[in-house]
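Working through the structure, step by step
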Amino acid sequence: MEKRYLVRQGILVISQAGAVVILCRMAVDGSQSGLANTFPLILISLLFLDAAYLSLKNLNNSRILTQFSCLLLLAAWQFLFSLFGRDGILHGIFYLLIPITVLQTIDFLQTFLFQDSSYRGQKSFLFLLRITCCCSAAAYFLSMQAFSLALLLQSAAALGAGTTLMLMHRKRILFFLKSQKKALIRSFLFVVLPFTCYILVFIDRARYLENMGSYFIIMTSFVSVHSIVNGRGADAPLYFALRGREAVLILCLAAGTSGMVGYLTGLGTVGAVMVFHVLSLLDQCFQILLYHRTVCRGVGNYYGYSLSQLKREERLREDFSNYLHDEILQDLLSIKNLAGKAERPEIKKLIAETADGLNRSIRARMESYRPTLLRSLTLKENMQNMLDTLSADYGEKVGKIDFICEENIFLVEPYNVMVYRILRELVTNALKHAQAAEVIAELSQQKGKILLEVTDNGTGFEQEEYRHQSHRGLNSILEQVSMLGGTMQIRSGKGAGTRITIAMEMKGEDSYQSFIGG
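Okay, helix 7 (residues 170-179) next. Inspection of helix 7 places Arg172, Ile173, Phe175, Phe176 and Ser179 among the buried residues, and these make up the whole buried set. Seen end-on, helix 7 carries its buried residues on one side only, within an arc spanning 165°. Away from its buried face by more than 90 degrees, helix 7 exposes Arg170, Lys171, Leu174 and Lys178.

Tallied over the entire structure, the rule returns two salt bridges. In this structure, Arg63 engages Asp116 in a salt bridge whose closest nitrogen and oxygen atoms are separated by 2.6 Å. Of this pair, Arg63 sits in helix 3 (residues 63-81) while Asp116 is found in the loop between helix 4 (88-113) and helix 5 (122-140), placing the two residues 53 residues apart along the sequence. In this structure, the salt-bridge partner of Lys380 is Glu407, at a minimum N-O distance of 3.0 Å. In this pair, Lys380 sits in helix 14 (residues 379-394) while Glu407 sits in the loop between strand 1 (400-405) and helix 15 (415-432), placing the two residues 27 residues apart along the sequence.

As a further point, take a positive patch on the surface. Together, Lys178, Lys181, Lys182, Arg186 and Lys447 make up a positively charged patch on the protein surface. Counting residues per element, the positive patch draws most heavily on helix 8 (residues 181-201), which supplies three residues. By the element assignment, Arg186 lies in helix 8.

So, on to the packing of aromatic side chains. This structure, assessed with the given rule, holds eleven aromatic pairs. With a centroid separation of 5.9 Å and an interplanar angle of 20°, the aromatic rings of Phe108 and Phe112 are classed as stacked. Of this pair, Phe108 and Phe112 both sit in helix 4, separated by four residues, roughly a single helical turn. An identical accessibility class is assigned to Phe108 and Phe112; each is buried. Between Phe114 and Tyr119 the ring centres are 3.9 Å apart and the planes differ by 20°, which places this aromatic pair in the stacked class. There is no split in this pair, since Phe114 and Tyr119 are both buried.

Along the chain, Gln122 turns up in helix 5. The exposure class assigned to Gln122 is buried, which follows from its relative accessible area of 17%. Apart from the residues lying within four places of it in its own chain, the contact partners of Gln122 are Gln110 and Ser117.

Here we come to the confidence of the model for the protein chain. Regions with low pLDDT carry predicted coordinates that are not meant to be interpreted in detail. Scored by pLDDT, the protein chain comes out at a mean of 78, with 75% of its residues at no less than 70. Between the elements of the protein chain, mean pLDDT differs from a low of 63, seen in helix 12 (residues 302-339), to a high of 94, seen in helix 5. Taken as a whole, residues 232-242 scores under 50 in pLDDT and shows 25 contacts with residues more than four places along the chain or in a different chain. Counting contacts from residues 299-305, a segment whose pLDDT is below 50, to residues more than four positions away or on other chains yields 16 contacts.

The element strand 5 (residues 498-505) is largely enclosed, with a buried count of six among its eight residues. Relative to strand 5, strand 3 (residues 449-456) runs antiparallel, the two being bridged by eight bridges. Paired with Val454 across the bridge in strand 5 is Ile500. Sheet analysis places strand 4 (residues 487-492) next to strand 5, joined by six bridges and oriented antiparallel. Counted as the bridge partner of Thr487 is Ala503 from strand 5. Where strand 4 folds back onto strand 5 in an antiparallel hairpin, the turn is made up of five residues, including Gly495, whose phi is positive at roughly 75°.

Looking now at the environment of Leu56. Structurally, Leu56 is set in helix 2 (residues 38-57). Leu56 gets classed as buried once you look at its relative accessible area, which sits at 7%.

For Gln480, the position within the fold is in helix 16 (residues 472-483). C-alpha separation for the pair Gln480 and Met418, spaced 62 residues apart in sequence, amounts to 8.6 Å.

With 19 residues, helix 5 should cover 27 Å at 1.5 Å per step; its first-to-last C-alpha distance of 28 Å lies within 8% of that length. Taken as a whole, helix 5 has its buried residues at Gln122, Phe125, Leu126, Leu129, Thr132, Cys133, Ser136 and Ala139. The buried side chains of helix 5 occupy one side of the element, clustering within an arc of 160° when seen end-on. Along helix 5, the residues that are exposed and aim more than 90 degrees away from the buried face are Lys123, Ser124, Phe127 and Cys134.

Generally speaking, nonpolar side chains in soluble globular proteins are found buried as a group. If you look at the biggest cluster of nonpolar residues, it comprises 69 residues, and the most contacted ones within it are Met26, Leu47, Leu80, Phe112, Phe195 and Phe222. The greatest single-element share of this core, amounting to 13 residues, is contributed by helix 3. Excluding its chain neighbours within four sequence positions, the residues that come into contact with Leu80 are Ile22, Leu23, Met26 and Ile44. Among the nonpolar cores identified, the runner-up in size contains 42 residues, and Phe403, Tyr420, Val439 and Val454 belong to it.

Turning to the pairing of strand 3, a few remarks are in order. The two faces of strand 3 differ: Ile450, Leu452, Val454 and Asp456 on one face are buried, but Lys449, Leu451, Glu453 and Thr455 on the other face are not. Counted between consecutive antiparallel strands, the loop separating strand 2 (residues 438-446) from strand 3 contains two residues, among which Lys447 sits at a positive phi close to 55°.

Another aspect to go through is the side chain of Asp107. Structurally, the position occupied by Asp107 is in helix 4. Salt bridges are absent for the buried Asp107, whose nearest opposite-charge side chain, Arg130, sits at 4.8 Å. Within the structure, Asp107 has its side chain in polar contact with the side chain of Gln110 (distance 3.0 Å). Apart from residues lying up to four places away in sequence, Asp107 is in contact with Gln67 and Leu126.

This part is about the packing of helix 14 against helix 15. Between helix 14 and helix 15, whose axes approach to 11 Å, the crossing angle comes to 20°. With respect to their mutual orientation, helix 14 and helix 15 come out roughly parallel. Between helix 14 and helix 15 lies a crossing of right-handed hand. Two secondary-structure elements touch here, helix 14 through Leu379, Asn382, Met383, Met386, Leu387, Leu390 and Tyr394 and helix 15 through Asn416, Val419, Tyr420, Leu423, Arg424, Val427, Thr428, Leu431 and Lys432. Residue composition of the contact of helix 14 with helix 15, grouped by class: eleven nonpolar, three polar and two charged.

About the cut-offs
- Residues numbered from 1 in each chain as written.
- Predicted model: local features only at pLDDT ≥ 70, side-chain atom pairs only at ≥ 80, totals over all residues.
- Heavy atoms only, no water.
- Buried < 20%, exposed > 50% of the residue type's maximum accessible area, 1.4 Å probe, protein only.
- Helix = DSSP H or I, 4+ residues; strand = E, 2+ residues; numbered from the N terminus.
- Arc of directions from axis to C-beta.
- Salt bridge = Lys/Arg side-chain N within 4 Å of Asp/Glu carboxyl O.
- Patch = residues over 30% accessible without salt bridge, like charges linked within 9 Å, V, L, I, M, F, W, Y side chains within 5 Å.
- Areas by Shrake-Rupley, 256 points an atom, 1.4 Å probe, with all protein chains shown as cover.
- Lys, Arg positive; Asp, Glu negative; His and termini not counted.
- Charge placed at Lys NZ, Arg CZ, Asp CG, Glu CD.
- Phe/Tyr/Trp six-rings, centres within 6.5 Å; stacked < 30°, edge-to-face > 60°.
- Contact = heavy atoms within 4.5 Å.
- pLDDT = per-residue confidence, 0-100.
- Pairing = 2+ DSSP bridges.
- Expected span 1.5 Å × (residues − 1).
- Core = buried A, V, L, I, M, F, W, Y, C linked by side-chain atoms within 4.5 Å.
- Polar contact = N/O pair within 3.5 Å; in protein donor to acceptor, adjacent residues only side chain to side chain.
- Axes fitted to C-alpha atoms, helices over the stretch in contact; angles between N-to-C directions.
- Parallel < 35°, antiparallel > 145°, perpendicular 65-115°, else oblique.
- Left-handed = near helix turned anticlockwise from the far one by under 90°.
- Nonpolar A, V, L, I, M, F, W, Y, C, P; charged D, E, K, R; others polar.

Written out as structure tokens, the structure reads:
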């Protein structure tokens, strides 16, 4: 975990150093130091700074945050190279980065929107994006006309396929827009107002408005995602040596110092931005050294406490999972193999049954701690696989398990994992304790309301029994559901089977913080 974090930070430092070198060249050359490049340079600096901020915050090594910070860097470099209109090589790199940035931006947005889960039409959509991106990149080496046409086709294909995809999954799109409308409106206004003012001031100067469409689309997307991800501002100080206000003060001082140096040296905006990047580079190096010192030497400060907490939790999960897999399960397999050598048939049967029972029990406990939701499968397919596994584990004791659910059902995090756990627990109880021969599970989600119903024809129990210690599993489920404002109804009787109905509202406001791990 530490190694991946340090490698990622090292890449950020190298990228920042490369930006400083490019800015030094711009300052020496002087051809890109005009007022027309002031606004693009500020946007580029913000993208580099935001990438560093997200990477520093990503102590859990979240894949989606890593992808987002890399995308910010890619966009920053594309915009930086766009300023070199007279340099054939650098401006050529800018053109090559355009289709790649389009592909990576759309790929990230669909991953973020669908929370890295599989959905209908995903493979075809991504295949089309990658093919059109490769064609656009290849067309650049033919001619500019071919490249412009290929890029237009890539944009049209992405727009058409994206629109079709949104229509196919309009329920999820509408839920996303409804749950995140405050963050989206806030971020849209945050981008629109500065862009509008800038365009109104320089409406009669075409050079000042170059690439403004690209800037607007990229910044709107990124600021929207950033606003959603960091909706709970109180969490941010846990990840930094400086708290929020202190970090803002340092940032303002760095910006003011950079502007003063640029003014005094006569290098203008380019010089000021260059100094700002140098200060940012030094800060990143300081944060890396602080992280390394805290992790390796156990420095006891607030920042170190946050890191140690995250490290302990991650190691506990990893060590427990590895212990179960590498030790317990391997021993059980050995016992099962030795059973084949037992001379007495009853002992052989007893050992085999015991080993199978322990195997099922441990795998069920592993699933309860860290459910295996494969990203390549839809939510329904994951749940169906889990039910099929339970059916196979209990063998002849189970008649059948019916699962009724829409193909395109979606549950945002953490509801998907929670409902998965609850469904597994309820079906396991029906098979193991109620000795049910038939179980029917039905899951639906309509207009943000989740409804889960599990019915079995098992032995059943009296209505008040589940409150006792023998039914602590049901009590645990009731506690989880109640914490989320849901309800759980139990209808059962001796010899009459059991029907459990769970209903809860799916709230999406904090869903993406949960998805990313913030």
